[in-house]
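Architecture at a glance
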Amino acid sequence: MIYISHLLPDHEMNEIIEQTGVGIESIEFSIADNLDHLNDSIGSYRERLKFMDCRGLTLHGPFMNIDPAAFDSEVRKITMMRFHQTYTAGMELGAKKIIYHTCMNPYVHYLQGWPERVAEFFGEFLEKHKELEVVMENVFDPQIDPVLDVYKLLGEKYPNAGWAVLSTTAFCTVGTVGKFMSATHIGIQSIPSFSVAAAKYS
């Protein structure tokens, strides 16, 4: 199914859904203020989904001011909590998948040891969150190999965890990551004055 990012007003999303039958990828639960008021945010968004006639839903997790590879235990703890809150929203709203960034920042992170720390974080998270599929998305990652290392380490070290799959951005060649790929994000410019991201999920 193709999912379109909920970056347009609800009435315009409704029109697009009616015309195309696409699903919704929502960033509503990547926003810290909405997570701070989680129950109210879930209730409000449930009504909005009904208005838009949502036929399929994926949620995008938080990505600002958090870090799965953090050395600081408190930063790691808040990252785990925020990830859990988005997952909870996904369960309540009937989402098919949850998309989380690797949160790689080439200006902050060293690649040495980074895959191991990210795999450890996601492994712990997936051990307790097995109902929904988790998609790990690379955005600012300067190269794809460390992200693939995370994926492989998850399979080796956490065989009983829920599975994490990879969403790739355009700089990666399909030949390199095709067997790992669950989703691809594509920028669409066809809607006037707005750049919309669409995702195709297998």
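Note that the structure is a prediction, hence the values are computed from the model and not measured. (Residues numbered from 1 in each chain as written. Predicted model: local features only at pLDDT ≥ 70, side-chain atom pairs only at ≥ 80, totals over all residues. Heavy atoms only, no water.)

1. A look at the overall build of the protein
What counts is decided by this rule: Secondary structure elements follow DSSP: runs of H or I no shorter than four residues count as helices, runs of E no shorter than two count as strands, and numbering proceeds from the N terminus. The buried label applies to any residue whose accessible area, calculated with a 1.4 Å probe on protein chains only, is under 20% of its type's maximum; exposed applies above 50%, and partly exposed to all values in between. A contact between two residues is defined here by any heavy atoms of the two lying within 4.5 Å. Working definition of accessibility: Shrake-Rupley area with a 1.4 Å probe, residue cover restricted to the visible protein chains.
When helices and strands are tallied, the protein shows seven helices and eight strands. Residue burial in the protein is summarised as follows: out of 202 residues, 51% are buried. For the protein, long-range pairs separated by at least 24 residues make up 68% of all intrachain contacts whose partners lie at least 6 apart in sequence. Split by element, the accessible area of the protein, about 10,100 Å² in all, is 55% carbon and sulfur.

2. Observations regarding the nonpolar core
The tendency in soluble globular proteins is for nonpolar side chains to be buried as a group. Test applied: Nine residue types can take part in a nonpolar core, namely buried Ala, Val, Leu, Ile, Met, Phe, Trp, Tyr and Cys, and a core is a set of them joined through side-chain atoms within 4.5 Å.
Within the largest apolar cluster, 45 residues are counted, with the highest numbers of intra-cluster contacts made by Ile24, Phe29, Tyr100, Phe122 and Phe125. Of all the elements in the fold, those that place two or more residues in this core are α1 (10–20), α3 (38–52), β3 (57–60), α4 (73–93), β4 (97–101), α5 (114–128), β5 (133–137) and α6 (145–157). Sequence-distant contacts of Phe29, that is, excluding residues within four places in its chain, are made with Leu35, Leu38, Ser41, Ile42, Tyr45, Leu59, His60, Gly61, Pro62, Thr86, Ala89 and Leu93.

3. Quick look at the packing of aromatic side chains
Rules: Two aromatic rings, drawn from Phe, Tyr or Trp (for Trp, its six-membered ring), form a pair once their centres lie within 6.5 Å of each other, and the interplanar angle then sorts them: stacked below 30 degrees, edge-to-face above 60, tilted otherwise.
Tallied over the full model, the rule gives eight aromatic pairs. Note on Phe29 and Tyr45: the rings are 5.8 Å apart at their centroids and 85 degrees apart in plane angle, and the pair reads as edge-to-face. Taken together, the residues span a long stretch of sequence, with Phe29 in the loop between β2 (23–26) and α2 (32–36) and Tyr45 in helix α3 at a distance of 16 residues. Here Phe29 matches Tyr45 in class, with each residue buried. Centre to centre, the rings of Tyr100 and Phe125 are 5.5 Å apart; their planes meet at 80 degrees, and the pair counts as edge-to-face.

4. Observations regarding the confidence of the model for the protein
The test is simple: Looking at any residue, its pLDDT shows the predictor's confidence there, from 0 to 100.
Per-residue confidence for the protein averages 82 on the pLDDT scale, and 79% of its residues sit at or above 70. Predicted confidence for residues 170–181 stays below pLDDT 50, and this span has 23 contacts to residues more than four positions away or in other chains. Here residues 186–198 is modelled with pLDDT under 50, and outside its nearest four sequence neighbours on either side it reaches 27 contacts, counting other chains as well.

5. As for the packing of α3 against α4
Rules: Structural elements are reduced to axes, namely lines fitted to C-alpha atoms, with helices fitted over the stretch in contact, and the angle between N-to-C directions of any two is expressed from 0 to 180 degrees. Note on angle classes: values under 35 degrees are labelled roughly parallel, values over 145 roughly antiparallel, values of 65 to 115 roughly perpendicular, and the remainder oblique. Put simply, a crossing is left-handed when the front helix is turned counterclockwise from the back one by less than a right angle, and right-handed when it is turned clockwise.
Relative orientation of the contacting elements α3 and α4 amounts to 40 degrees, with a least axis distance of 10 Å. Between α3 and α4, the angle is such that the two are oblique. The element α3 and its partner α4 pack so that their crossing is right-handed. In this structure, α3 contributes Leu38, Ile42, Tyr45, Arg46 and Leu49 to the contact, and α4 contributes Gln85, Thr88, Ala89, Glu92 and Leu93.

6. Observations concerning the pairing of β2
We count it as follows: Throughout, right-handed denotes a crossover for which the path from the first strand over the helix to the second runs clockwise when the strands point away from the viewer. Pairs of strands are assigned from DSSP output, requiring at least two bridges between the strands.
Here β2 shows a buried face lined by Gly23 and Glu25 and a second buried face lined by Ile24 and Ser26. Assessed by its sense of winding, the connection that carries the chain from strand β1 (residues 2–5) through α1 to β2 is right-handed. Direction of pairing for β2 relative to β3: parallel, over a ladder of three bridges. By the bridge assignment for β3, Ile24 is matched with Leu57.

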